[in-house]
Amino acid sequence: MVRIAGVRFKKACKVYDFEAGTLEFNPGDAVIVEVERGLGMGIVVYSPRDIDETTLTRQLKKIVRKADPVDIERQGFNTEREIEAFRICKERIIKYNLPMKLIRVEYLFDSSKAIFYFTSDMRVDFRELVKDLAATFHTRIEMRQIGVRDEAKMIGGLGPCGRELCCSGFLADFEPVTIKMAKEQNLALNPVKISGICGRLMCCLSYEHDFYQNERKRERENTDKDNKEKDEKDKGPERPPRGGGGDRGRRPPGRAAGGPNQKHGCGGCGKHEPGKHEHGKHKTKDTKETKEEAKPAGTTENA
């Protein structure tokens, strides 16, 4: 088992897990932690808890100690240096006529590196700028290009709803937002109404997307059920075949309507079943018997 605690470095930023060891912290405490290069100061988001070490996907860095007044004073000094570095960097950008917009400057806790965040629509050759800044501040310089959504998150502001921007207020990560979400919510596809101050689709379009999908699915299921019940009602009960059903009303084979085998005139002798054609033979026999009856008694055929 290993004890971990969640630490956040900036407001509305991602929460990172750090190994707490035997130290005890409460949410809101300032702590000094190990970062990629050096030390950093962050705020505890949730208290240490025990988890299974086998569930970890990477090696966690450690929380060094709880921040003391000296650490907090040093962090304040870094904030003042960031303001000064921002002003000087903007002057250098104008001097070198670079197509870039400076957004923010951050110093690491131990002042070993300064990170300059900027936006630009094209690739910028800032090698001369980096040399100038390194000679001015006597520290390592990192230029980091960001997007317009990150710019809005860092600067902050008010959204079309009149409230603080979601990205700068509480969103830790940006979720993908598509125009399909606006269509499924029956919103007007006006870019002015569905775009934020960053020029991208508003993040809040994704908040109710799952609800609209579930409601549309439930509506389709209810519609299909109603249509099925309506079809069964219109169809009604199954009717028996005409003639009463079963063998009732059926004629026996070889019998025509109106009496016994009137088609052949034999009174239903049984020789005229379906598939048998003995009509000529039967007719010849009947004719011979009729001739014999017509002859007078005592005469023969040879007389």
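All of the points below concern the structure found in this document. All of these numbers come straight from a predicted model, not from anything done at the bench. (Residues numbered from 1 in each chain as written. Predicted model: local features only at pLDDT ≥ 70, side-chain atom pairs only at ≥ 80, totals over all residues. Heavy atoms only, no water.)

Digging into helix H1 (residues 69–96)
Taking 1.5 Å of rise per residue, 28 residues should cover 40 Å, and H1 covers 41 Å from first to last C-alpha, within 8% of that figure. Buried residues in H1 make contact with strand S3 (30–35), strand S4 (38–51), strand S5 (63–66), strand S6 (101–107), strand S7 (113–119) and helix H2 (127–137). (Helix = DSSP H or I, 4+ residues; strand = E, 2+ residues; numbered from the N terminus. Expected span 1.5 Å × (residues − 1). Contact = heavy atoms within 4.5 Å.)

Brief notes about the packing of aromatic side chains
Remark: the centre distance and the inter-plane angle together describe each pair of aromatic rings, the angle taken between the planes. Taken as a whole, this structure holds 5 aromatic pairs when the rule is applied. Where Phe116 meets Phe137, the ring centres are 6.4 Å apart and the plane angle is 35°; that geometry is what we call tilted. Of the two residues, Phe116 sits in strand S7 while Phe137 sits in helix H2, which places them 21 residues apart along the sequence. A relative accessible area of 0% means that Phe116 is categorised as buried. Geometrically, the ring pair formed by Phe118 and Phe126 is edge-to-face, given 5.7 Å between the ring centres and 75° between the ring planes. Residue Phe118 is classed as buried on the basis of its relative accessible area of 1%. Taken together, the ring pairs in this structure connect Phe9, Tyr16 and Phe18 into an aromatic cluster. Sitting above the plane of the Phe109 ring, Arg74 keeps its charged end 5.3 Å from the centroid. (Phe/Tyr/Trp six-rings, centres within 6.5 Å; stacked < 30°, edge-to-face > 60°. Buried < 20%, exposed > 50% of the residue type's maximum accessible area, 1.4 Å probe, protein only. Lys NZ or Arg CZ within 6 Å of the ring centre and 35° of its normal.)

Considering the side chain of Asp132
Along the chain, the position of Asp132 falls in helix H2. Of the polar contacts made by the side chain of Asp132, one reaches the side chain of Arg92; its length is 3.1 Å. Excluding anything up to four places from it in sequence, Asp132 contacts Arg92, Lys95 and Tyr96. (Polar contact = N/O pair within 3.5 Å; in protein donor to acceptor, adjacent residues only side chain to side chain.)

Regarding the pattern of salt bridges
Inspection of the entire model under this criterion finds 14 salt bridges. Linking Arg87 and Glu84 is a salt bridge whose minimum nitrogen-to-oxygen distance equals 2.4 Å. Of this pair, Arg87 and Glu84 both sit in helix H1, separated by 3 residues, roughly a single helical turn. Residue Glu84 is classed as partly exposed on the basis of its relative accessible area of 36%. Where Arg127 meets Asp125, a salt bridge forms, and the shortest distance between an N and an O atom there is 2.9 Å. The exposed category is assigned to Arg127, whose relative accessible area is 59%. Judged by its relative accessible area of 48%, Asp125 is partly exposed. (Salt bridge = Lys/Arg side-chain N within 4 Å of Asp/Glu carboxyl O.)

Concerning the state of the cysteines
A covalent bond between the sulfur atoms of two cysteines is referred to as a disulfide. As enumerated under the stated definition, the model contains 0 disulfides in all. For Cys166, which is in no disulfide, the shortest distance to another cysteine sulfur is to Cys204 and amounts to 5.9 Å. The closest cysteine sulfur to the non-disulfide-bonded Cys203 is located on Cys167, 5.9 Å from its own sulfur. Overall, Cys203 belongs to the buried group, its relative accessible area being 18%. (Disulfide = S-S within 2.5 Å.)

A word on the packing of H1 against H2
At a minimum axis separation of 11 Å, H1 and H2 run at an interaxial angle of 145°. Note on packing geometry: the crossing formed by H1 with H2 is right-handed. In this structure, H1 contributes Arg81, Ala85, Ile88, Cys89, Arg92, Ile93, Lys95 and Tyr96 to the contact, and H2 contributes Glu128, Leu129, Asp132, Leu133, Thr136 and Phe137. Across the contact of H1 with H2, the residue classes break down as 8 nonpolar, 1 polar and 5 charged. (Axes fitted to C-alpha atoms, helices over the stretch in contact; angles between N-to-C directions. Left-handed = near helix turned anticlockwise from the far one by under 90°. Nonpolar A, V, L, I, M, F, W, Y, C, P; charged D, E, K, R; others polar.)

Some details on the sheet that holds strand S8 (residues 140–145)
Taken in spatial order, the 3 strands make up an open sheet running S6-S7-S8, and their pairing is mixed. Strands at the two margins of the open sheet, each flanked by one partner only, are S6 and S8. The sheet shows a mean angle of 20° between the axes of neighbouring strands, direction not considered. One ladder, built from 6 bridges, connects S7 with S8; its direction is parallel. Bridged to Lys113 within S8 is Arg140. Together, S6 and S7 form the strand contacts of helix H3 (residues 148–155), whose direction differs from that of S6 by roughly 60°. (Pairing = 2+ DSSP bridges.)

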